[in-house]
Amino acid sequence: MDDPTLRRLLADLAHQDGVVTHRQLIEGGAEPHDVRRWVRARLLSPVHRGVHVDHTGPLTARQREWVAVLACGAGAAVCLLGAPGPLVHVAIDASRRVVAPPGVRLHRVTGLAAQVRSTSPPRLAPEHDALLAIDLAATEDEVVRILTDAVRARATTPARLRAAIDSRSRLRHRRLVLEVLDDVERGTQSVLEHRYLRDVERAHQLPAATWQQRRRVGGRTEYADAAYESQQVLVELDGRTAHTGWDAENRDARRDLDQAAAGRVTVRLRHRQVLAEPCATAVRLGRLLRSRGWTGAPRPCGPRCDVISETWSHQAATGLRDEAG
């Protein structure tokens, strides 16, 4: 950088990582012919119309975000940070009319200014970013994943999410979102845990578990996904990406052995048992809980539930048959 005027202008905008607009250069005192000269000298490289970067090499991830935000004009903010693919997602106020530049996907948001964090570059606040992702979610499981991931990563809190929901007149999946937030506050941390709570425990009226309970076992601090304290039964919900690998499997085995030595039974459930076979899982858990002192019995979730065919006791079986009609 051998031009003192350009060096000064870029220093004034150092927070933009070397990305600058034509308008900013002119407002900083440059003339149009100066900008053309800097481009010819390869001190600036055009990226989008009216947006330049101070080098000729590949853009960094943050420079790509700055280019996208500046190309979309005043008030724009990066959003949907976890979205897959090469596009940069940018939120603009719903009142504006902007043509998306190449490599950018636009999302029109009502009342955007109040939802943006003054970061570098500006970004949609995590709770509002999560709700935007939920508006685009194709399935209920995707809604659950977005909410649990946001809270588990400590990007936001259930309280801030509720405040963001209250600020919106419209939100897809609103009822589901509020139900999931209730479960997150109770301790569920994943899609699998939410589905277990909804489709296995609640749907079949198993006793209410305590979630993410902290305890000392074998000199170490352990957390049980779901603990049935009175029966000393622990349920661990192992997702597709959790508890994999030699070291993790050995840690799980060691923890299960420590729990058994303390008189507790550990049950490990995968996706199949929770998502595909919730009724059969409820039957098996019912047997286990009853063998360890539970005096109740699972209830059928519908006319074809596996629970109906199970004989828990003469009294329980009679009640189940009466409910099933």
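In the block above lies the structure referred to throughout.
Structure report, in brief. (Residues numbered from 1 in each chain as written. Predicted model: local features only at pLDDT ≥ 70, side-chain atom pairs only at ≥ 80, totals over all residues. Heavy atoms only, no water.)

1. Thoughts on the pairing of strand β5 (residues 88-93)
The buried count for β5 comes to 5 of 6 residues, which makes it a mostly enclosed element. Pairing between strand β4 (residues 77-78) and β5: 2 bridges, direction antiparallel. The residue bridging Ala77 from the neighbouring strand is Ala91, located in β5. Of the pairings in the sheet, the one linking β5 to strand β6 (residues 104-109) comprises 6 bridges and is parallel in character. Across the sheet, Ala91 pairs through a bridge with His107, a residue of β6. (Buried < 20%, exposed > 50% of the residue type's maximum accessible area, 1.4 Å probe, protein only. Helix = DSSP H or I, 4+ residues; strand = E, 2+ residues; numbered from the N terminus. Pairing = 2+ DSSP bridges.)

2. Focus on unusual backbone geometry
With omega at -5°, the peptide bond leading from Ser120 into Pro121 counts as cis. Relative to the helices and strands, Pro121 resides in the loop between β7 (116-117) and β8 (123-124). A positive phi angle, near 65°, is found at His173, a position not held by glycine. Within the fold, His173 resides in the loop between α7 (158-166) and α8 (174-186). Residue classification places His173 among the partly exposed positions, given a relative accessible area of 22%. One non-glycine residue, Gln205, lies in positive phi territory at about 55°. Along the polypeptide, Gln205 turns up in the loop between α9 (191-202) and β9 (210-217).

3. Concerning the packing of α7 against α8
With their axes 10 Å apart at the nearest point, α7 and α8 run at an angle of 165° to one another. Judged on the interaxial angle alone, α8 and α7 are roughly antiparallel. By crossing handedness, the relation of α7 to α8 is classed as left-handed. Contacts from Pro158, Leu161, Arg162 and Ile165 in α7 reach Arg174, Val177, Leu178, Leu181, Asp182, Val184 and Glu185 in α8. The class makeup of the residues in the contact of α7 with α8 is 7 nonpolar, no polar and 4 charged. (Axes fitted to C-alpha atoms, helices over the stretch in contact; angles between N-to-C directions. Parallel < 35°, antiparallel > 145°, perpendicular 65-115°, else oblique. Left-handed = near helix turned anticlockwise from the far one by under 90°. Contact = heavy atoms within 4.5 Å. Nonpolar A, V, L, I, M, F, W, Y, C, P; charged D, E, K, R; others polar.)

4. Focus on the environment of Thr281
With respect to the helices and strands, Thr281 occurs in helix α12 (residues 278-291). Given the relative accessible area of 5%, Thr281 is considered buried. A C-alpha to C-alpha distance of 7.0 Å links Thr281 and Val200, two positions 81 residues apart in sequence. Excluding its chain neighbours within four sequence positions, the residues that come into contact with Thr281 are Val200, Leu269, Gln273 and Val274.

5. Looking at the side chain of Glu127
Mapping Glu127 onto the fold places it in helix α5 (residues 126-136). The buried category is assigned to Glu127, whose relative accessible area is 11%. Within the structure, the side chain of Glu127 is placed 2.9 Å from the side chain of Thr156, a separation counted as a polar contact. Filtering out sequence-adjacent residues up to four positions away, Glu127 remains in contact with Thr156, Arg160, Leu161 and Ala164. (Polar contact = N/O pair within 3.5 Å; in protein donor to acceptor, adjacent residues only side chain to side chain.)

6. Focus on the pattern of salt bridges
Scanning the entire structure with this criterion turns up 22 salt bridges. Here Asp3 and Arg37 are joined by a salt bridge, their closest N and O atoms 2.9 Å apart. Taken together, the residues span a long stretch of sequence, with Asp3 in the segment before α1 (4-12) and Arg37 in helix α3 (residues 32-40) at a distance of 34 residues. Between Arg162 and Asp182 there is a salt bridge, with the nearest N and O atoms lying 2.7 Å from each other. Residue Arg162 is located in helix α7, and its partner Asp182 is located in helix α8; the two are separated by 20 residues in the primary sequence. Given a relative accessible area of 22%, Arg162 falls into the partly exposed group. Residue classification places Asp182 among the partly exposed residues on the basis of a relative accessible area of 43%. The network of salt bridges with common partners includes Glu140, Asp141, Arg195, Arg198 and Asp199. (Salt bridge = Lys/Arg side-chain N within 4 Å of Asp/Glu carboxyl O.)

7. A few points about the packing of aromatic side chains
As enumerated under the stated definition, the model contains 1 aromatic pair in all. Ring plane angle 65° and centroid distance 6.0 Å describe the contact between Tyr196 and Trp211, whose orientation is recorded as edge-to-face. Placement of Tyr196 in helix α9 and of Trp211 in strand β9 is noted, with a sequence separation of 15 residues between them. Of the two residues examined, Tyr196 and Trp211, each falls in the buried class. (Phe/Tyr/Trp six-rings, centres within 6.5 Å; stacked < 30°, edge-to-face > 60°.)

8. Some thoughts on α9
Helix length check: α9 (12 residues) gives 15 Å between terminal C-alpha atoms against 16 Å at 1.5 Å per residue, within 8%. Among the 12 residues in α9, 10 count as buried, and that is most of the element. Inspection of α9 places Val191, Leu192, Glu193, His194, Arg195, Tyr196, Leu197, Asp199, Val200 and Glu201 among the buried residues, and these make up the whole buried set. (Expected span 1.5 Å × (residues − 1).)

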